[in-house]
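Residues per chain are reported as follows:
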Amino acid sequence: MNPATSISASIIRKTKLTSEIFSLWVKPENTESNPAPGQFYGIKPPDNADLLLRRPISVADTKNDRLRFIIRVTGKGTAALSRLPAGTKIDILGPLGRPAPLVYNKNVLLCGGGVGIAPLFYLARILAPSNRITTIIGVRRAEDLILVNDFRTLGARVLISTEDGKKGIKGILTDLVPRILDKMAEPVIYACGPREMLKKIDEIAGNLPVWGFLEERMGCGTGICYCCGIRKKTGGYLRICREGPVVNLKEVDL
Ligand SMILES: Cc1cc2nc3c(=O)[nH]c(=O)nc-3n(C[C@H](O)[C@H](O)[C@H](O)COP(=O)(O)OP(=O)(O)OC[C@H]3O[C@@H](n4cnc5c(N)ncnc54)[C@H](O)[C@@H]3O)c2cc1C
Ligand code: FES
């Protein structure tokens, strides 16, 4: 894996996708970095936000050396990033982490809870030409849905769960998983979202491996500080920033 370098990048487009989620297309300067699905960048909040740590954000897509990030405002750092106008330069470190394993000629199930659907879009774009893709998107409110048409444009079948029942089935994403898995031959499952959701999908999947995109609070983001560990079932810890963030959920204690 190439050592990650800190890069200056210009925000070329910022779009509000929902009341809490925005999309940033950035153009890195002087970089040959070519992130793979599952990898992420440590984005430095702007200096005037008085925040030290980089915020880990997954790559949601790429195009002509440009990177797309889709970010939900959850606290000070993401709020500061959401206020930056197009044209601003930001400091990004990456690509970080191990890419998701790629498959060919398979039935692929992608499960994205909330903004967790973002990194699965880049994965879907890479997998779409050589696999059959079903995507389940689960959100609390219908107005929180993102990327539905983008997945459809890739040729993916899209199913939706909303807790308010205004789109798709009324319920949570994991209500749909058993119904879909029943109809899929030898599925390969990737999931990104809250820990509880990942845990439940792994249970439902039984012996099938589930590639979970894990999140943990991060310090360095590069494997040095050991603050992002998750316990392995065989003992010891796995660093989410280094051996993850995409992990076979059968191998870790969620
Ligand atoms: C590998 C990885 C990829 C991610 N990809 C995305 C993405 O594509 N889109 C997106 O909206 N969010 C993503 N997140 C979550 C995002 O990093 C946090 O929401 C963000 O760091 C919160 O920062 P804050 O300052 O707004 O919130 P605060 O709560 O004020 O943050 C305080 C500190 O906690 C850390 N922190 C808080 N929540 C998380 C979290 N869930 N994961 C990791 N660190 C956290 C922050 O980095 C910061 O150091 C990802 C997290 C990881 C680990
Ligand atoms: S964040 Fe420092 S080792 Fe993972």
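Our subject is the structure that appears above.
About the cut-offs
In this numbering scheme, every chain counts its residues from 1 along its sequence in written order. Whichever chain is written first is A, and whichever ligand is written first is 1; the rest continue in order. Restriction of local features to residues with pLDDT of at least 70 applies here, the model being predicted, together with a cutoff of 80 or more for giving and counting side-chain atom pairs; totals for whole chains, interfaces and linings are based on all residues. Paired strands, as defined in this entry, are two strands with at least two bridges between them according to DSSP. For the purposes of this entry, the term helix denotes a DSSP run of H or I that reaches at least four residues, the term strand denotes a run of E that reaches at least two, and both are numbered from the N terminus. Angles shown run from 0 to 180 degrees and are taken between the N-to-C directions of axes, each axis being a line fitted to C-alpha atoms and, for helices, limited to the stretch in contact. For every residue pair, C-beta atoms are placed from the backbone, and the pair is scored as a contact if these atoms sit within 7 Å. For the exposure call, what matters is how many other C-beta atoms sit within 10 Å of a residue's own: 20 or more marks it buried, 12 or fewer exposed, and in between partly exposed, using C-beta atoms placed from the backbone. Note that the arc is defined by the directions from the helix axis to the C-beta atoms. Handedness of a crossover: with both strands directed away from the viewer, a clockwise path from the first strand across the helix to the second marks it as right-handed.

Trainee: Break down the sheet that holds strand β2 (residues 21-28) for me, with residues and values.
Mentor: With respect to topology, seven strands assemble into an open sheet ordered β4-β3-β7-β1-β2-β6-β5, the strand pairing being antiparallel. A strand with exactly one partner marks an edge of an open sheet, and here the two such strands are β4 (55-58) and β5 (61-63). Sheet twist, expressed as the average angle between the axes of neighbouring strands with direction ignored, equals 40°. With three bridges joining them, β5 and strand β6 (residues 66-72) adopt antiparallel strand pairing. Within β6, the residue paired with Thr62 across the bridge is Leu67. Here helix α2 (residues 117-127) sits on the sheet in contact with β4, β5 and β6, set at roughly 50° to β5.

Trainee: If you had to explain helix α4 (residues 173-182) to someone new, which residues and values would you point to?
Mentor: For α4, the complete set of buried residues consists of Leu173, Thr174, Leu176 and Val177. For α4, the angular spread of the buried residues around the axis is 145°, confining them to a single face. Turned more than 90 degrees away from the buried face of α4 sit Pro178, Arg179 and Asp182, all of them exposed.

Trainee: Help me get a handle on the pairing of strand β8 (residues 107-113), residues and values and all.
Mentor: Among the seven residues of β8, six are classified as buried, and the element is accordingly described as predominantly covered. Bridging between β8 and strand β9 (residues 132-139) involves seven bridges; their strand directions are parallel. Looking across to β9, one finds that Val108 is bridged to Ile133. On the question of chirality, the crossover connecting β8 to the parallel β9 by way of α2 is right-handed.

Trainee: Lay out the sheet that holds β9 in plain terms, naming residues and giving numbers.
Mentor: Spatially, seven strands are ordered β11-β10-β9-β8-β12-β13-β16 in an open sheet, and the strand pairing comes out mixed. Pairing within the sheet leaves two strands with one partner each, and these edge strands are β11 (169-170) and β16 (246-248). Across four bridges, strand β12 (residues 187-192) lies against strand β13 (residues 210-213) in parallel orientation. Counterpart to Ile189 in the pairing with β13 is Val210. Of the strands in this sheet, β8, β9, β12 and β13 are in contact with α2, which crosses β8 at around 160°.

Trainee: An account of unusual backbone geometry is needed here, citing residue identities and associated values.
Mentor: Both trends apply: most residues other than glycine have a negative phi, and most peptide bonds are in trans. Of note, the bond from Gly94 into Pro95 is cis; its omega dihedral lies within 30 degrees of zero at 5°. For the peptide bond that leads from Gly244 to Pro245, omega is 5°, which places it in the cis range. With respect to the element layout, Pro245 can be found in the loop between β15 (237-239) and β16. Phi at Leu147 takes a positive value of approximately 65°, unusual for a residue other than glycine. Along the chain, Leu147 turns up in the loop between β9 and α3 (148-153). According to the C-beta neighbour criterion, Leu147 is buried, with 25 such atoms within 10 Å. Its identity as a non-glycine residue notwithstanding, Glu186 has a phi of 40°, on the positive side. On the secondary structure map, Glu186 appears in the loop between α4 and β12.

Read these as spatial facts, not as claims about activity.
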